[in-house]
Amino acid sequence: MKSTIDNTVEFVKKQLEGAEAGHDWFHIERVWKLSKKIAAAEECNQDVVELAALLHDIADPKFHDGDETLALKISRDFLESQKVPEDVILQVLFVIKNISFKNRGEVPENLPIELKIVQDADRIDAIGAIGIARTFNFGGFKNNLMYHPDIEPKLRMSKDEYKKSNGTTINHFYEKLLLLKDLMNTDEGKKIAEERHNYMLLFLDQFYKEWNVD
Ligand code: ADP
Ligand code: NI
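Residues numbered from 1 in each chain as written. Chains lettered and ligands numbered in written order. Predicted model: local features only at pLDDT ≥ 70, side-chain atom pairs only at ≥ 80, totals over all residues. Heavy atoms only, no water.

(A) How the structure looks around helix α5 (residues 86-98). Between its terminal C-alpha atoms α5 stretches 18 Å, which fits the 18 Å expected from 13 residues at 1.5 Å a residue. Here α5 has its buried residues at V88, I89, V92, L93, V95, I96 and N98. Considering only its buried residues, α5 is in contact with α3 (46-55), α4 (70-81) and α6 (113-124). (Helix = DSSP H or I, 4+ residues; strand = E, 2+ residues; numbered from the N terminus. Expected span 1.5 Å × (residues − 1). Buried < 20%, exposed > 50% of the residue type's maximum accessible area, 1.4 Å probe, protein only. Contact = heavy atoms within 4.5 Å.)

The structure is reproduced here in structure tokens:
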């Protein structure tokens, strides 16, 4: 599958030209590398893991008018053009369809290991120093406030509320980022998440200290 993976890298780079900096090729590259690292300790189909990691944000609904089918269509067309076997295509599409944090209530039980791996990798890239940077970049992209002392985080948002939420960037830590550590699927994922989680707690402490000048 080496040449298929190489072709996928080229395809994804091209598709994501001009993407928001938190969801660009470099996000994909980090998730791809993290997926390989996590996969090394698991028994899994390596091709499915790598193709799913590379294609998982090929058409994120939040940048495509909420369209949740576009990524599946683009991925299927591409994988078919590469003559990838149908059973591999189906497994890759399953990962892409079910990876998202906002869908966490609807995912079927007994998840395939390939989904667990790529989901952990994607979530790890949402936390720690990179997670902080991506989150402020996205908040700026949406013109959201960094922080407002009177706007409380909204825990337990429905999927629709979550997608529409334009709360503050600091609130996104409580609404998503700080929850990810306990949602990790794999042992390796848990280990990496722990350190990054603690770094975010330090960041928040320092942020409030500097905000509240006295
Ligand atoms: P998923 O890709 O799992 O569906 P999201 O779309 O919720 O997850 O978010 C991906 C990343 O985009 C987040 O980790 C964060 O960096 C950024 N992001 C999403 N929503 C917000 C928000 N409301 N404020 C700031 N950053 C956000
Ligand atoms: Ni992603």
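(B) Main features of the site of ligand 1. Near ligand 1 there are 13 residues, and of these K62, S100, T135, Y162 and K176 occur at the shortest range. Here an oxygen atom of ligand 1 and a side-chain polar atom of K62 are 2.5 Å apart. At a separation of 2.9 Å, an oxygen atom of ligand 1 approaches a polar backbone atom of F101. With the chains in place, 92% of the 550 Å² that ligand 1 exposes on its own is no longer accessible. Counting residues per element, the shell around ligand 1 draws most heavily on helix α7 (residues 128-141), which supplies three residues. When the residues that make up the shell around ligand 1 are grouped by side-chain class, the tally is five nonpolar, four polar and four charged. (Near = heavy atom within 4 Å. Polar contact = N/O pair within 3.5 Å; in protein donor to acceptor, adjacent residues only side chain to side chain. Areas by Shrake-Rupley, 256 points an atom, 1.4 Å probe, with all protein chains shown as cover. Nonpolar A, V, L, I, M, F, W, Y, C, P; charged D, E, K, R; others polar.)

(C) Layout of the nonpolar core. Judged by nonpolar contacts, the single largest core of 56 residues is most densely connected at V12, L54, L55, L79, V92, V118 and F173. At the level of secondary structure, the elements contributing two or more residues to this core comprise α1 (2-15), α2 (25-39), α3, α4, α5, α6, α9 (169-175) and α10 (187-211). (Core = buried A, V, L, I, M, F, W, Y, C linked by side-chain atoms within 4.5 Å.)

(D) Up close: the packing of aromatic side chains. In the structure shown here, the tally under the stated rule is 14 aromatic pairs. Taken together, a centroid distance of 5.7 Å and an interplanar angle of 90° make the contact between Y147 and F207 edge-to-face. Taken as a pair, Y147 in the loop between α7 and α8 (159-164) and F207 in helix α10 lie far apart in primary sequence, 60 residues in all. The same class applies to Y147 as to F207, namely buried. Arranged with centres 5.7 Å apart and planes meeting at 25°, the rings of F207 and W211 form a pair that is stacked. Placement of both F207 and W211 in helix α10 is noted, with a separation of four residues, approximately one turn of the helix. Positioned above the aromatic ring of W32, the side-chain terminus of K36 is 4.0 Å from the ring centre. (Phe/Tyr/Trp six-rings, centres within 6.5 Å; stacked < 30°, edge-to-face > 60°. Lys NZ or Arg CZ within 6 Å of the ring centre and 35° of its normal.)

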